[in-house]
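# A structural walkthrough
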Amino acid sequence: MSTKTPLQASDKAFEPENFHIRSLQDEVKVDQLCALLVETFYHHLVHEKRIAPLVAGRMARGADHFLREFIIPEQCENIFAIPPKRVLQFAGNWYIVKTLDPNPKELGHILEGIRAFYAFCTNLGKVESVLFEEIALNCDRLDYYEQRIDSFWAIEDDGFFAWDAECSLR
């Protein structure tokens, strides 16, 4: 992460209405804002929560991966108003299919970052606590995601369709 001073989490740039995606230009703008917000999140973890920089960096990368690889470009959704099932779809399908070597440990680190990021956003008043609680529940389903990874590697013949239907991206 950079050493420059990040924007403050209270900065007007981080207002939820600035994260709506209606066009390609919006997507680019939201991606850039999200990168700044994740950097702010990292600095919050290090300086306010006193989390070791390497751990904070891992958590920020996890949140960044979810937001800037899945939510913004794939779902075109406002990061502050995602359906809670997006975490389930990400961890139980998208991550597994899109990652060269999906593994539970790496996924666990990503989910830790997602959970912490949404706790941070909830504390800032940008995410409703009910949404955070549902996101947190989906982040905690590590046994289910491990089973999904194992069953993905065990797919034979046309078994992908049944595997996909169990935790569909649709």
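Residues numbered from 1 in each chain as written. Predicted model: local features only at pLDDT ≥ 70, side-chain atom pairs only at ≥ 80, totals over all residues. Heavy atoms only, no water.

### Points about the overall build of the protein chain
We apply this condition: Strands are runs of DSSP state E lasting at least two residues, helices are runs of H or I lasting at least four, and both sets are numbered from the N terminus onward. For the radius of gyration, the atoms used are the C-alpha atoms, and the globule rule reads 2.2 Å times the number of residues raised to 0.38. Residue exposure (1.4 Å probe, protein chains only): buried if accessible area is under 20% of the type maximum, exposed if over 50%, otherwise partly exposed.
Tallying secondary structure elements over the protein chain gives seven helices and zero strands in all. For the protein chain, the sequential pattern of α-helices and β-strands runs α-α-α-α-α-α-α. Relative to the globule expectation of 15 Å for 170 residues, the C-alpha radius of gyration of the protein chain, 16 Å, shows essentially globular dimensions. Overall, the C-alpha framework of the protein chain stretches about 50 × 35 × 30 Å when taken along its three principal axes. Relative to its full complement of 170 residues, the protein chain shows a buried share of 45%.

### A few points about the pattern of salt bridges
Counted only if it meets this: Any carboxyl oxygen of Asp or Glu that lies within 4 Å of a side-chain nitrogen of Lys or Arg is treated as forming a salt bridge with it.
Per the stated rule, a full pass over the model turns up nine salt bridges. Put simply, Arg58 and Glu112 hold a salt bridge, and the shortest N to O gap is 3.0 Å. Of this pair, Arg58 sits in helix α2 (residues 53-75) while Glu112 is found in helix α4 (residues 104-123), placing the two residues 54 residues apart along the sequence. We classify Glu112 as partly exposed; its relative accessible area is 31%. With its nearest N and O atoms 3.1 Å apart, the salt bridge here joins Arg68 to Asp64. Taken together, the residues Arg68 and Asp64, both in helix α2 and four residues apart, mark about one turn of the helix. Using a relative accessible area of 25% as the deciding quantity, one classes Arg68 as partly exposed. Among the residues examined, Asp64 registers a relative accessible area of 21% and is labelled partly exposed. Linked through salt bridges whose partners overlap, the residues forming this network are Asp31, Asp64 and Arg68.

### Re the environment of Gly92
To be explicit about the condition: Only heavy atoms enter the contact rule, under which two residues are in contact if any of them lie within 4.5 Å.
Structurally, the position occupied by Gly92 is in helix α3 (residues 85-98). Classification of Gly92 by relative accessible area gives buried; the value is 0%. C-alpha separation for the pair Gly92 and Gln147, spaced 55 residues apart in sequence, amounts to 9.0 Å. Leave out the neighbours within four places in its chain, and Gly92 touches Val87, Tyr145, Arg148, Trp163 and Cys167.

### As for helix α1 (residues 24-48)
Applied cut-off: The span you would expect from a helix comes to 1.5 Å times its residue count less one.
With 25 residues, α1 extends 35 Å between its outermost C-alpha atoms, agreeing within 8% with the 36 Å of an ideal straight helix rising 1.5 Å per residue. Looking one or two places after α1, you find Arg50, whose phi comes out positive at around 60 degrees.

### Description of a nonpolar patch on the surface
Let me state the cut-off plainly: Only residues whose relative accessible area exceeds 30% and that form no salt bridge enter a patch; like-charged residues are grouped when within 9 Å of one another, and nonpolar side chains (Val, Leu, Ile, Met, Phe, Trp, Tyr) when within 5 Å. Per-residue and other accessible areas were derived by the Shrake-Rupley procedure at a 1.4 Å probe size, with only the shown protein chains allowed to occlude residues.
A contiguous nonpolar surface patch, about 280 Å² in accessible area, is contributed by Val97, Phe160 and Phe161. Within the fold, Val97 resides in helix α3. The class for Val97 is partly exposed, based on a relative accessible area of 37%.

### Section: the nonpolar core
Quick reminder of the rule: Definition of nonpolar core: a set of buried residues of the types Ala, Val, Leu, Ile, Met, Phe, Trp, Tyr and Cys, connected through side-chain atoms within 4.5 Å.
Phe66, Ile79, Phe90, Ile114, Phe117 and Tyr118 are the most contacted members of the largest nonpolar core, which totals 52 residues. For this core, the secondary-structure elements that each account for two or more residues are α1, α2, α3, α4, α5 (129-139) and α6 (142-153).

### A few points about the packing of aromatic side chains
Each aromatic ring pair is described using two quantities: the centre-to-centre distance and the angle formed by the ring planes. So the rule is basically this: Aromatic pairs are defined between Phe, Tyr and Trp rings, using the six-membered ring for Trp, whenever the two ring centres lie within 6.5 Å; interplanar angles under 30 degrees are classed as stacked, those over 60 as edge-to-face, and all others as tilted.
Per the stated rule, a full pass over the model turns up 16 aromatic pairs. Residues Phe70 and Trp94 carry aromatic rings whose centres are separated by 5.4 Å and whose planes lie at 50 degrees to one another, so their mutual orientation is tilted. Of the two residues, Phe70 sits in helix α2 while Trp94 sits in helix α3, which places them 24 residues apart along the sequence. Judged by its relative accessible area of 0%, Phe70 is buried.

### Let's talk about the environment of Tyr145
Mapped onto the fold, Tyr145 is located in helix α6. Given a relative accessible area of 1%, Tyr145 falls into the buried group. Placed 24 residues apart in sequence, Tyr145 and Leu169 show a C-alpha to C-alpha distance of 15 Å. Setting aside its immediate chain neighbours within four residues, Tyr145 contacts Val87, Leu88, Ala91, Gly92, Ile96, Leu107, Leu111 and Asn138.

None of the figures reported here should be taken as evidence of function without further support.
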